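What follows is the residue order along each chain.
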Amino acid sequence: MCNTCGCNITPGNRTHAYQPVNGVTAVSVLQNLLARNDDQAAHNRRHFDQHQVLAINLMSAPGSGKTALLEATIDALKNEFRIGVIEDDLDTENDAARIRAKGVPANQITTGSACHLDAHMVHDALHHFPLAGLDILFIENVGNLVCPASFDLGQHRNVTLLSVTEGDDKPAKYPVMFRAADVVLLTKSDLLQVLDDFDPMRAESYVRDLASSVPVLQLSARKGLGLEAWLHWLRNELAQQRARLETGATVRPKVQPDGVALHA
Amino acid sequence: MHELSVCQALIAQVEQLAAQHAATGVKSVHLRLGPLSGVEPQLLQDAYPIACAGSVAAESALLIDIAPLKVKCETCGAETEASPNRLLCGQCGDYHTQLVSGDELLLMSVELLTGVA
């Protein structure tokens, strides 16, 4: 009996046999479902690297203080680094206007009703946004703890914000998002004294439950508390990016290489 | 959720494969998804007929395998099952683990209708 002519198919196993090969070609693919997005993201990343820019993707729920964090960061670093911001919301130019008021170039993407940025939208925005001369580009994603985690934009690092007015168990509720973080920022920390239900230690332990050893930092952008640790992280990332560029290497957010290595 | 846009990206990939093999249609599309992929299998199934309508993959079946969630401990070396928000070692409880399986979002294979040989 052989596997060629069909003589191995007996009355007993006929129902399990593969359908006749006539006219059907099975093609093995083993490709990420978001391969097109990932190709575009890799293109964006090369573009950032060529311009020697560190690209940081900010993600959080709406109202966690992404724009306020950027304002405080720009105030602290504007004499040290040249910063650019791509803002993204469903509608309005409000956030870009807040950033421009700080004297920093900002491009606003409005996604209509789309709930996340993808690599193509960022690529389109880059056409209107000169990278030359920038040190750090912040990409403020749509406020959403679900979808943005799944789309690589070409950024080097992910920052996830969790404001203390939210629940401290959000990392357990949104594991895909918090697993994607290279640093977790507990924002609006000045409000901790009036909130009795947010325990920063508990929030951190939920992050550790995701097998993540990334820094979990507390800060208040409005009151200027705890910013130094965040600025230190940022300066360190920029130094590492510059060292990588010397050797022609690049980096993706921490969580993504795992998947790529496993599925290669 | 973004299942429809994921489905549209999937159909674009399938259309490309169909064109490469000069296929006249698609019989089935086989995916492997992990619980940490960020994609809900049922929502993907619901979005699929909308995304494939009018394409070469219209009428095709979407088959989804769910990958198990497994971590390997960097401390004790054990490989154990985990849950999406508790990726701790099932043996020693350490959080220094690497995901071995569970974040897959993979197009495994397609069956193309390529006319009678």
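What counts as what
- Per chain, the residues get numbers from 1 upward, laid out in the order the sequence is written.
- Each chain takes a letter, starting from A, and each ligand takes a number, starting from 1, following the order in which they are written.
- Residue-level local features of this predicted model are given only where pLDDT is at least 70; pairs of side-chain atoms are given and counted only at 80 or more, and the full residue set underlies all totals for whole chains, interfaces and linings.
- Water and hydrogen atoms play no part in the side-chain values, which are based on all heavy atoms of the structure.
- For two strands to pair, DSSP has to find at least two bridges joining them.
- Only DSSP runs of H or I reaching four residues or more are called helices, and only runs of E reaching two or more are called strands; each is numbered from the N terminus.
- The handedness rule is simple: strands pointing away from the viewer, and a clockwise path from the first strand over the helix to the second, make the crossover right-handed.
- A 1.4 Å probe rolled over the protein chains alone gives each residue an accessible area, and that area as a share of the maximum for its type sets the label: buried under 20%, exposed over 50%, partly exposed in between.
- Under this definition, polar contacts are N or O atom pairs within 3.5 Å; protein pairs additionally need one hydrogen-donor-capable and one acceptor-capable atom, and for neighbouring residues in sequence, both atoms have to be side-chain atoms.
- Throughout, a contact is declared for two residues whenever any of their heavy atoms are within 4.5 Å.
- We call Phe, Tyr and Trp rings a pair once their centres come within 6.5 Å, taking the six-membered ring for Trp, and we label the pair stacked below 30 degrees between planes, edge-to-face above 60, and tilted otherwise.
- When two parts are put together, the accessible area they lose, computed with a 1.4 Å probe and summed over both, is reported as buried area.
- Salt bridges are defined by distance alone: a side-chain nitrogen of Lys or Arg within 4 Å of a carboxyl oxygen of Asp or Glu.
- Put simply, Ala, Val, Leu, Ile, Met, Phe, Trp, Tyr, Cys and Pro go in the nonpolar bin, Asp, Glu, Lys and Arg in the charged bin, and everything else, Gly too, in the polar bin.
- All domain edges in this entry derive from an automatic or database-based domain assignment.

### Here's the deal with the pairing of strand β2 (residues 61-66) of chain B
All names here are of chain B. Summarising the sheet, strand β1 (residues 25-33) and β2 pair through six bridges and their orientation is parallel. Residue Leu 31 lies in a different strand from β2, and its bridge partner there is Ile 64. Each parallel crossover has a hand, and the one from β1 via helix α2 (residues 41-52) to β2 is right-handed.

### Regarding the side chain of B:Ser55
Residues and elements named next belong to chain B. Tracing the backbone through its elements, the reader meets Ser 55 in the loop between α2 and β2. Residue classification places Ser 55 among the buried positions, given a relative accessible area of 13%. Only 2.8 Å separates the side chain of Ser 55 from the backbone oxygen of Cys 52, close enough to count as a polar contact. In this structure, Ser 55 is in contact with Ile 11 and Glu 15, ignoring residues within four places of it in sequence.

### Focus: the packing of aromatic side chains
Residue and element names in this part refer to chain A. Under the defined criterion, the tally for this structure stands at two aromatic pairs over all chains. With 6.5 Å between their ring centres and 40° between their planes, Phe 138 and Trp 230 make a pair best called tilted. Taken together, the residues span a long stretch of sequence, with Phe 138 in strand β5 (residues 136-140) and Trp 230 in helix α8 (residues 227-247) at a distance of 92 residues. What makes Trp 230 buried here is its relative accessible area of 0%. Look at Trp 230 and Trp 233: their rings are 5.7 Å apart centre to centre, the planes differ by 15°, and that puts the pair in the stacked class. Of the two residues, Trp 230 and Trp 233 are both situated in helix α8; the distance of three residues between them amounts to about one turn of the helix. Given the relative accessible area of 8%, Trp 233 is considered buried. One aromatic cluster is present, formed by Phe 138, Trp 230 and Trp 233 through successive ring pairs.

### Section: the interface of chain B and chain A
Each partner contributes residues to the interface: chain B has 40 residues there, and chain A has 37 residues. Here chain B packs against chain A, burying approximately 3,400 Å² in sum over the two surfaces, 61% of which is carbon and sulfur. For the chain B face of the interface with chain A, the top three residues by lost area are B:Gln13, B:Asn85 and B:Tyr95, together amounting to 16%. The residue B:Asp103 makes a salt bridge to A:Arg179 at a minimum N-O spacing of 3.7 Å. Counting across the chain B and chain A interface gives 14 residue pairs in polar contact (both at pLDDT 80 or more). Elements with a contribution of two residues or more to the side of chain B that touches chain A: α1 (3-20), β1, β5 (97-101) and β6 (105-113) of chain B. When grouped by side-chain class, the residues that make up the side of chain B that touches chain A number 23 nonpolar, twelve polar and five charged. The pairing of strand β1 (residues 24-32) of chain A with β6(B) spans seven bridges and is antiparallel.

### What to know about the domain arrangement of chain B
It is common to report an interface's size as the accessible area lost on association of the parts. All names here are of chain B. When the domains of chain B are assigned, the result is domain 1 (1-67 + 102-117) and domain 2 (68-101). Computed from C-alpha coordinates alone, the two centres of domain 1 and domain 2 are separated by 30 Å. The partner domain 2 presents six residues to the eight residues of domain 1 that form the contact. The interface formed by domain 1 and domain 2 holds zero salt bridges in total. Our count for the contact surface shared by domain 1 and domain 2 stands at two residue pairs in polar contact (both at pLDDT 80 or more). The class makeup of the residues in the side of domain 1 that touches domain 2 is four nonpolar, one polar and three charged.

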